[in-house]
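Inside the fold
Below are the chains, spelled out letter by letter.
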Amino acid sequence: MSSRYSSALDAGTRPCQRRAIIRTSSCLTSSQPASALAMKRARVVTMNAALGPLDYRVPESMDVVPGSIVVAPLGPRQLLGVAWEPDRLSSNEVPDSRLRPLAGTLDVRPIAAPLRRLCEWTADYYLAPLASVLRMVLPSSAALDGPRQLTEYRPTGASPARLTPQREKALAAVEGRQGTIRELADHAGVSDGVMRGLVNAGALQAVAVDADRPLPCPDPDHAPPDLNDDQREAASDLSSAVGKGFDPILLDGVTGSGKTEVYFEAIAECLRQGRQALVLLPEIALTEPFLKRFEARFGCAPVAWHSGLRSSQRRRAWRGIASGEAAVIVGARSALFLPYPNLGLIVVDEAHEPTFKQEDGVQYHARDTAVMRARFEGIPVILSSATPAIESRHMVEIGRYREVSLPKRFAGASMPEIRAINLTQDPPPRGRWLAPELVRELESNLDRGEQSLLFLNRRGFAPLTLCRHCGHRFQCPNCTAWMVEHRLMHRLACHHCGHVMPPPKACPECGEEDSLVACGPGVERIADEVADLFPDARAAIVTSDTIWSPLKAAEFVGAMDAGAIDIVVGTQLVTKGYHFPNLTLVGVVDADLGLAGGDLRAAERSFQQIQQVAGRAGRGDKPGRVLVQTHDPDAPVIAALVSGDVPGFYGAETEARREAAMPPFGRLAAIVVSAEDASEAEAVARRIGHSAPDVEGMAVFGPAPAPLAMLRGRHRQRLLVHARRSLDVQDVIRDWLADIEWSPKVRVSVDVDPYSFL
């Protein structure tokens, strides 16, 4: 590279990071005894982001090496921290005689050198405190404790004196099973109270078990799939990369081509070599369907890691991962920072998804950070997608990644036919949102007993509620955003801060009763229209409001597979990961919705979403059809979808980015200033703007109110930094902000490579 630091997407390193890789050999490895690297003076990074590295004396009786998890005294408190190599982190030098001794070490494996290098890189690249990154490595304090026991329950065989239908259902479901109250209740589909009632009635008995009992071990040869020639070639290519060093691979396959089955074979090879594999998924709702597919292939479920885990499950998963017992882990983006001692493969599924970008805290992109972890670990990383991001395609073009393609659907299934409905020529009736042609196709599908999907990426009933008498619009008191009506839950809600309120009977502005009117459609409104048009059809609304856990996702998948749902009305949650052979019709209610707002990635994101949702149709023996409702059928996105000209669309988008020097051909960073007082936020933002350095190849735009000018009660100002690709923009911003002081009431955050421009 021609600069110190080009981009996370380069999977490259700054000179300091390159030196770090060279020095890694001096850190603890499996061939070196801990005593060879024992420290007498430890530099400790605590979990407190406000503190810098602190030096401590290591007592003679204590064995501390780089990566050891230690307990460090600070005043009257004791803090958790990680011992670090002194030469890697600067600190105020304190004489040995003044150092306080460490209070202890925890009996867990030290954080390995590759993960420490990843933490340093993430903190450096995304301008975040190292302590904040470490909190993702050690997210559960309970997992760091010693052995524990927990209480599980199993049937006694006794029948309770009072046998209600719910109790009878629960006993039948848990026969021969053992688990916690919650696990048994979830399995039986009853409340926790029903299970506790059975315990009190003597039908279930308590059993003390080891909280860290063994995890199931996947069998790489349990049920090998029957692959076609293209899949077999791709699987062989991916499998041969395991154990051969760092190798970033873009697995580009059309929807329904069997990408999951193909990278499963790379996971199988990883298991045969006795190493761990990590699969990252963009949505928690995709976890449960994935687990079932994995279990069918490998004989048992992998270890899951996501925010929906209970504390006991989180503890067991973390300890299994840290010990190396957990062989395959599937999880959300945070799973990337867990301490795998023997990682052999990383897979990023649906790698184009914007949800891989963390929008608060450490604002990292899991796709790019996964490439860096693979580099530090010296292992392959597979980025799997039917609609790869322009950044990933560019990395293939310049030779940084290599590509493995699956151009055809599995088992001879054909890609669906895509047609545009011009809403200016064939509009819905007044008060309706589905065009007559789409309604006719829905009716035909119902007559044939086939399933349909209506896609609208807008939750709730309506995005705006106003008073028809005075024009008052309901806005969130904490954000510059409209309150969204959720008629099913009888509330108005802000989708940014979570503020909710019941819909009032009268306008709060003019006092007029029954004057409130919903404007625009959300999925609930479309579902109401479906119910009016097809009263006998069985419809389901699928959004993050209805599918909020893996269990709910499993229920939805089970109902679709059983044919208990005729029409699905859903948001982007249904655009990926699901395979329903009897779903043959997809209707995109508003294809123009995602193109508004001037977002850098608006056209690409709309194209990806519509192509992904279109890919749900015709995945079985029956052909699929896709109808796209739009007011502008000649728009490049719509025209490319209808014509199937994927290379042409991406070529035009890539060239437009190149001409504007936008990512991946340039660099962006957003500086967001927020405060409860609008004048304070504006004053600090102006001070930052006025002190912007004059650097060749860099321009600073703003400050100006952020598009979402108030969020969670804080007023926001934004500056946008645009720089040439070769500029080390992180160092520029770091030095720039270091010379400016602001009140503790004001927050200044930096988002490197932003995905959201709100």
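Placed above this text is the structure.
Residues numbered from 1 in each chain as written. Predicted model: local features only at pLDDT ≥ 70, side-chain atom pairs only at ≥ 80, totals over all residues. Heavy atoms only, no water.

As for its position among the elements, Arg167 is in helix α4 (residues 165-174). The class of Arg167 is buried, set by a relative accessible area of 15%. If we skip the residues at most four places from it in the chain, Arg167 touches Pro160, Arg162, Val194, Gly197, Leu198 and Ala201. (Helix = DSSP H or I, 4+ residues; strand = E, 2+ residues; numbered from the N terminus. Buried < 20%, exposed > 50% of the residue type's maximum accessible area, 1.4 Å probe, protein only. Contact = heavy atoms within 4.5 Å.)

One pass over the structure, following the stated rule, counts 14 aromatic pairs. Ring geometry for Tyr125 and Tyr126: centres 4.8 Å apart, planes at 80°, overall edge-to-face. Note on Phe264 and Phe298: the rings are 5.5 Å apart at their centroids and 70° apart in plane angle, and the pair reads as edge-to-face. One end of the pair, Phe264, is in helix α8 (residues 259-272); the other, Phe298, is in helix α9 (residues 287-298), and 34 residues separate them in sequence. Across this residue pair, the class does not change: Phe264 and Phe298 are buried. An aromatic cluster of three or more residues is present, and its members are Tyr263, Phe264, Phe290, Phe294 and Phe298. One Lys or Arg, Arg297, reaches over the ring of Phe298 and ends 4.6 Å from the middle of that ring. Positioned above the aromatic ring of Tyr755, the side-chain terminus of Arg601 is 3.8 Å from the ring centre. (Phe/Tyr/Trp six-rings, centres within 6.5 Å; stacked < 30°, edge-to-face > 60°. Lys NZ or Arg CZ within 6 Å of the ring centre and 35° of its normal.)

This part is about the sheet that holds strand β9 (residues 276-280). Taking strand neighbours across the sheet as the criterion, the 7 strands line up as β10-β11-β9-β12-β13-β8-β14 in an open arrangement whose pairing is parallel. On the outer flanks of this sheet lie β10 (303-305) and β14 (402-406), each paired with one strand and no other. Taking the axes of each pair of neighbouring strands and ignoring which way they run, one obtains an average angle of 20° across the sheet. In the sheet, β9 pairs with strand β11 (residues 328-331) via 4 bridges, with the strands oriented parallel. Paired with Ala277 across the two strands is Val328, which belongs to β11. Across the face of the sheet, helix α7 (residues 229-241) comes into contact with β8 (247-253), β13 (380-385) and β14 while running at roughly 155° to β14. Lying on the sheet, α8 is in contact with β8, β9, β11, β12 (343-349), β13 and β14; it crosses β12 at an angle near 170°. (Pairing = 2+ DSSP bridges. Axes fitted to C-alpha atoms, helices over the stretch in contact; angles between N-to-C directions.)

Another point: the pattern of salt bridges. In the structure shown here, the tally under the stated rule is 34 salt bridges. The salt bridge partner of Asp55 is Arg41, with a shortest N-O separation of 3.0 Å. Taken as a pair, Asp55 in strand β2 (residues 54-57) and Arg41 in strand β1 (residues 41-46) lie far apart in primary sequence, 14 residues in all. Of the residues examined, Asp55 reaches a relative accessible area of 11% and is grouped as buried. Residue Arg367 is joined to Asp368 by a salt bridge in which the shortest nitrogen-to-oxygen separation is 3.0 Å. The class for Arg367 is buried, based on a relative accessible area of 2%. (Salt bridge = Lys/Arg side-chain N within 4 Å of Asp/Glu carboxyl O.)

Here the focus is helix α2 (residues 113-125). Relative to the 18 Å expected for 13 residues at 1.5 Å per residue, α2 spans 18 Å between its end C-alpha atoms, a close match to the ideal helical length. Buried residues dominate α2, accounting for 13 of its 13 residues. Leu127 sits one or two positions beyond α2 and adopts a positive phi of about 50°. (Expected span 1.5 Å × (residues − 1).)

Where α2 meets helix α3 (residues 130-137), the closest approach of the two axes is 9 Å, and the angle between their N-to-C directions is 135°. The orientation of α2 relative to α3 falls into the category oblique. Between α2 and α3 lies a crossing whose hand is right-handed. For the pair formed by α2 and α3, the contact residues are Leu115, Cys119, Glu120, Thr122 and Ala123 on the first element and Leu130, Val133, Leu134 and Val137 on the second. In terms of residue class, the contact of α2 with α3 is built from 7 nonpolar, 1 polar and 1 charged. (Parallel < 35°, antiparallel > 145°, perpendicular 65-115°, else oblique. Left-handed = near helix turned anticlockwise from the far one by under 90°. Nonpolar A, V, L, I, M, F, W, Y, C, P; charged D, E, K, R; others polar.)

Looking at where Glu377 falls in the secondary structure, it is placed in helix α11 (residues 366-377). A C-alpha to C-alpha distance of 7.9 Å links Glu377 and Leu115, two positions 262 residues apart in sequence. Sequence-distant contacts of Glu377, defined by excluding residues within four places in its chain, comprise Pro114, Leu115 and Leu343.

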